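Listed below are the residues making up each chain.
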Amino acid sequence: EPRFHQPHQLLIALMDIDSLITKWRYNHVMLVQRMLGSSQLGTGGSSGYQYLRSTLSERYKVFIDLFNMSTFLVPRNLIPPLTPQMRTTLRTHNLDVEEKIQRG
C-alpha cells in the first residue's frame, strides 16, 4: 500500500534541493578562488574564499535532519491501518498513474 509514497517523494525532493544547493556552493567557491584567489578579502568584507569554503560543511545543509533520518524505519505494528476511504483514494490514484505510464 502506497501510504507513504507522496510524503517520501516530497522528502526526496527536499534532499535533492539540498544537494543542488551544496553543488552550487561548491561551484561558487571554485569561481571565487579562480577570480579573486584564496587570500583576498571577499566582496562583502568577509574572508572571501576561506569563508565560502567553510560553508561546504555538513553544518550548512538546509535539510540535514532528512539526511540523518533517511534510514529510520517505523515498525509495522506502529503503522495505523488505512481507512476504507483512504484505501480507495490511494488505489484510484495508483490506477491513474499506471494508466498514464501505459499511455506513455
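Up top you'll find the structure we're talking about.
All of these numbers come straight from a predicted model, not from anything done at the bench.

Quick notes on the overall build of the chain
Point 1. Counting secondary structure elements, the chain contains four helices and zero strands.
Point 2. Starting at the N terminus and walking to the C terminus, you meet the elements of the chain as α-α-α-α.
Point 3. Out of the 104 residues belonging to the chain, those deemed buried represent 12%.
Point 4. The contacts of the chain with a sequence gap of at least 6 include a subset with a gap of at least 24, amounting to 66%.

Focus on helix 1 (residues 5-36)
Point 1. For helix 1, with 32 residues, the first-to-last C-alpha span of 46 Å sits near the 46 Å given by 1.5 Å per residue.
Point 2. Within the span of helix 1, buried status applies to Met15, Asp18, Val29 and Val32.
Point 3. Looking one or two residues past helix 1, Gly37 carries a phi angle of roughly 90°, positive in sign.

Focus: the environment of Phe63
Point 1. Here Phe63 shows up in the loop between helix 2 (49-54) and helix 3 (64-68).
Point 2. Here Phe63 falls in the partly exposed class, since its relative accessible area comes to 25%.
Point 3. Along the backbone, Phe63 and Leu11 are 52 residues apart, and their C-alpha atoms lie at a distance of 9.3 Å.

A word on a nonpolar patch on the surface
Point 1. A cluster of nonpolar side chains, namely Leu11, Met69, Phe72, Val74 and Leu78, defines an oily patch on the protein surface of about 500 Å² accessible area.
Point 2. Mapping Phe72 onto the fold places it in the loop between helix 3 and helix 4 (84-103).

Some points on the side chain of Asp18
Point 1. Relative to the helices and strands, Asp18 resides in helix 1.
Point 2. Of the side chains with opposite charge, Lys61 comes closest to the buried, unpaired Asp18, at an N-O distance of 4.4 Å.
Point 3. Excluding residues within four positions of it along the chain, Asp18 makes contact with Lys61, Val62, Phe63, Ile64 and Phe67.

Re the environment of Val32
Point 1. If you trace the backbone, Val32 turns up in helix 1.
Point 2. The class of Val32 is buried, set by a relative accessible area of 10%.
Point 3. Expressed as a C-alpha distance, the spacing of Val32 and Tyr49, which sit 17 residues apart in the sequence, is 6.2 Å.
Point 4. Beyond its immediate chain neighbours, meaning those up to four positions away, Val32 contacts Gly37, Tyr49 and Leu52.

Remarks on the side chain of Thr55
Point 1. Within the secondary structure, Thr55 sits in the loop between helix 2 and helix 3.
Point 2. Those residues within four positions of Thr55 in sequence are excluded, and the remaining contacts are Arg25 and Tyr60.

Calculation criteria
Residues numbered from 1 in each chain as written. Predicted model: local features only at pLDDT ≥ 70, side-chain atom pairs only at ≥ 80, totals over all residues. Heavy atoms only, no water. Helix = DSSP H or I, 4+ residues; strand = E, 2+ residues; numbered from the N terminus. Buried < 20%, exposed > 50% of the residue type's maximum accessible area, 1.4 Å probe, protein only. Contact = heavy atoms within 4.5 Å. Expected span 1.5 Å × (residues − 1). Patch = residues over 30% accessible without salt bridge, like charges linked within 9 Å, V, L, I, M, F, W, Y side chains within 5 Å. Areas by Shrake-Rupley, 256 points an atom, 1.4 Å probe, with all protein chains shown as cover. Salt bridge = Lys/Arg side-chain N within 4 Å of Asp/Glu carboxyl O. Lys, Arg positive; Asp, Glu negative; His and termini not counted.

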